[in-house]
Amino acid sequence: QVQLVESGGGLVQAGGSLRLSCVASGSIFRINAMGWYRQAPGKQRELVATITREYNTDYADSVKGRFTISRDNAKNTVYLQMNSLKPEDTAIYYCNARGWRTTLLITEDYWGQGTQVTVSS
């Protein structure tokens, strides 16, 4: 069983910063890509940022220049530094990990339970 546990969400004023963390634990052979997604009330879940094991990154246009994703492969941990937060960033943020649970190399997706980020105006 693979578990992802997020932390770091909360309430912040517009223009402020938050740092999200997500730790993957359990029986997994290798984690490849990791990322963050978010879902605002009444909206579909959307990609925020992803990072490969080789540290290649990709961002949604709406967060480019404000958010930074990073990871520590040795700790199976991914981070999301969020600066210049806006009210429209308010959402539940979900951690995602994509990897191989066993040496059969079957790709699987794992999700955290989500952490609430609220940005007040």
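Structure: above.
Residues numbered from 1 in each chain as written. Predicted model: local features only at pLDDT ≥ 70, side-chain atom pairs only at ≥ 80, totals over all residues. Heavy atoms only, no water.

(A) Molecular detail of the environment of Leu105. Position of Leu105 relative to the elements: it lies in the loop between strand 9 (91–100) and strand 10 (107–111). On a C-alpha basis, the gap between Leu105 and Lys75 in space is 21 Å, while along the polypeptide they are 30 residues apart. Leu105 has contacts with Phe29 and Trp100, leaving out every residue within four places of it along the chain. (Helix = DSSP H or I, 4+ residues; strand = E, 2+ residues; numbered from the N terminus. Contact = heavy atoms within 4.5 Å.)

(B) View of the pairing of strand 10. Examined bridge by bridge, strand 9 and strand 10 share five bridges and lie antiparallel to one another. When the sheet's bridge partners are listed, Trp100 is paired in strand 10 with Thr107. The loop that links strand 9 with its antiparallel partner strand 10 comprises six residues; one of these, Leu105, has a positive phi angle of about 60 degrees. (Pairing = 2+ DSSP bridges.)

(C) Quick peek at unusual backbone geometry. You will see that Tyr55, though not glycine, has its phi angle at about 75 degrees, which is positive. Among the secondary structure elements, Tyr55 is positioned in the loop between strand 5 (46–51) and strand 6 (57–59). Phi is positive for Ser84, which is not a glycine, with a value near 50 degrees. Given a relative accessible area of 41%, Ser84 falls into the partly exposed group. (Buried < 20%, exposed > 50% of the residue type's maximum accessible area, 1.4 Å probe, protein only.)

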